[in-house]
Amino acid sequence: WYWIGVCAGLGAALGVLGLGVLRDVRIALPLAVVAGAVVGWLLSDWAGAIAGGVGGVLGAFGATPTVRGALARGGTAGGTAVLVGGAALVLAALSFVPVLGYLVALALPVLGLRLRRRQGERHAGLRILARD
């Protein structure tokens, strides 16, 4: 069970890294699935390959609102790739802590959905101040 969790966490980290570098979920998602499955296969046979592939999907989808939001707010492609790549490196390191690999893979889409819901909110207080 330990190596399956590591594979899931590494797959999620690869999904985050792929999306940070490529900036398009349609391109990053299949590459993250394949990369996660290959890493999982190398570490833990079929169970690891499946966990790594699923982790890649969860990581790519979880990082989508963050990457899109950063680029929409004026972030450069290179700067976003470096920062998201650093976060992916931290996620990969956390995956080697027992049970945290599972939590990394499961927490990314939850945090992404939460961030996606909050993106549409406007701050009415700031519009009221601008009416002068």
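As a starting point, this report considers the structure included with it. Sequence order as written defines residue numbering, which begins from 1 separately in each chain. Only residues with pLDDT of at least 70 get local features here, since the model is predicted, and only at 80 or more are side-chain atom pairs given and counted; chain-wide, interface and lining totals rely on the full set of residues. The side-chain numbers reported here are obtained from all heavy atoms of the structure, hydrogens and water having been left aside.

1. Topic: the packing of aromatic side chains
Any two of the Phe, Tyr and Trp rings considered here, Trp counted by its six-membered ring, make a pair once their centres fall within 6.5 Å; the pair's planes then place it as stacked at under 30 degrees, edge-to-face at over 60, or tilted in between. In this structure the tally under the stated criterion is two aromatic pairs. When the centroid spacing of 5.2 Å and the interplanar angle of 75° are considered together, the rings of Tyr2 and Trp3 count as edge-to-face. Here the aromatic rings of Trp41 and Trp46 are separated by 5.0 Å at their centres, their planes lie at 75°, and the arrangement is edge-to-face. According to the relative accessible area criterion, Trp46 is exposed, its value standing at 58%. Burial classes: relative accessible area under 20% of the type maximum marks a residue as buried, over 50% as exposed, and values in between as partly exposed (1.4 Å probe, protein chains only).

2. Considerations on the side chain of Ser95
Looking at the secondary structure, you find Ser95 in the loop between helix 3 (77–94) and helix 4 (100–119). Relative accessible area serves as the criterion here: at 0%, Ser95 is assigned to the buried category. Here a polar contact means two N or O atoms within 3.5 Å. Within protein one must be a hydrogen donor candidate and the other an acceptor candidate, and residues neighboring in sequence count only if both atoms are side-chain atoms. A distance of 3.4 Å separates a polar atom in the side chain of Ser95 from the backbone oxygen of Gly9. Those residues within four positions of Ser95 in sequence are excluded, and the remaining contacts are Gly5, Val6, Gly9, Leu10 and Gly101. By definition, any uninterrupted DSSP run of H or I lasting at least four residues is a helix, any uninterrupted run of E lasting at least two residues is a strand, and each is numbered from the N terminus. Note on definitions: a residue-residue contact is assigned when non-hydrogen atoms from the two residues lie within 4.5 Å.

3. With respect to unusual backbone geometry
Its identity as a non-glycine residue notwithstanding, Arg23 has a phi of 65°, on the positive side. If you trace the backbone, Arg23 turns up in the loop between helix 1 (2–22) and helix 2 (25–72). A residue is classified by how much of its surface remains accessible, and Arg23, at 41% relative accessible area, is partly exposed. The phi dihedral of Val99 is positive, around 75°, even though this residue is not glycine. Mapped onto the elements, Val99 comes out in the loop between helix 3 and helix 4.

4. Re the packing of helix 2 against helix 3
Orientation is described by axes fitted as lines to C-alpha atoms, over the contacting stretch for helices, and by angles from 0 to 180 degrees between their N-to-C directions. Contact pair helix 2 / helix 3: the axes reach a minimum separation of 10 Å and the direction vectors enclose 150°. As far as their axial angle goes, helix 3 and helix 2 are roughly antiparallel. Here helix 2 and helix 3 pass one another in a crossing that is right-handed. Facing Val67, Ala70 and Leu71 of helix 2, the residues of helix 3 in contact are Ala77, Thr80 and Val84. Of the residues in the contact of helix 2 with helix 3, the class split is five nonpolar, one polar and no charged. Should an angle fall under 35 degrees it is taken as roughly parallel, and over 145 as roughly antiparallel, whereas 65 to 115 is taken as roughly perpendicular and any remaining angle as oblique. For a crossing to be left-handed, the near helix must be turned anticlockwise from the far one by less than a right angle; the clockwise case is right-handed. Nonpolar residues are Ala, Val, Leu, Ile, Met, Phe, Trp, Tyr, Cys and Pro. Charged residues are Asp, Glu, Lys and Arg, and all others, Gly as well, are polar.

5. Some details on the environment of Gly75
Examined against the element boundaries, Gly75 turns out to sit in the loop between helix 2 and helix 3. For Gly75, a relative accessible area of 32% translates into the label partly exposed. Apart from the residues lying within four places of it in its own chain, the contact partners of Gly75 are Ala70 and Thr80.

6. Things to note about the environment of Leu94
Among the structural elements, Leu94 can be located in helix 3. Taking the C-alpha atoms as reference points, Leu94 and Leu10, 84 residues apart in sequence, are found 9.0 Å from one another. Non-local contacts of Leu94, meaning those with residues more than four positions away in its chain, are made with Leu100, Gly101 and Val104.

7. Structural notes on a nonpolar patch on the surface
Patches here: salt-bridge-free residues with over 30% relative accessible area, like charges joined within 9 Å, nonpolar side chains (Val, Leu, Ile, Met, Phe, Trp, Tyr) joined within 5 Å. Each accessible area is a Shrake-Rupley estimate made with a 1.4 Å probe; only the visible protein chains count as cover when residues are assessed. For salt bridges, the criterion is a side-chain nitrogen of Lys or Arg within 4 Å of an Asp or Glu carboxyl oxygen. Residues Leu17, Val21, Leu22, Ile27 and Leu31 make up a contiguous nonpolar surface patch of about 400 Å² in total accessible area. Only helix 1 and helix 2 provide two or more residues apiece to the nonpolar patch. As for its position among the elements, Val21 is in helix 1. By relative accessible area, which is 43% here, Val21 ends up partly exposed.

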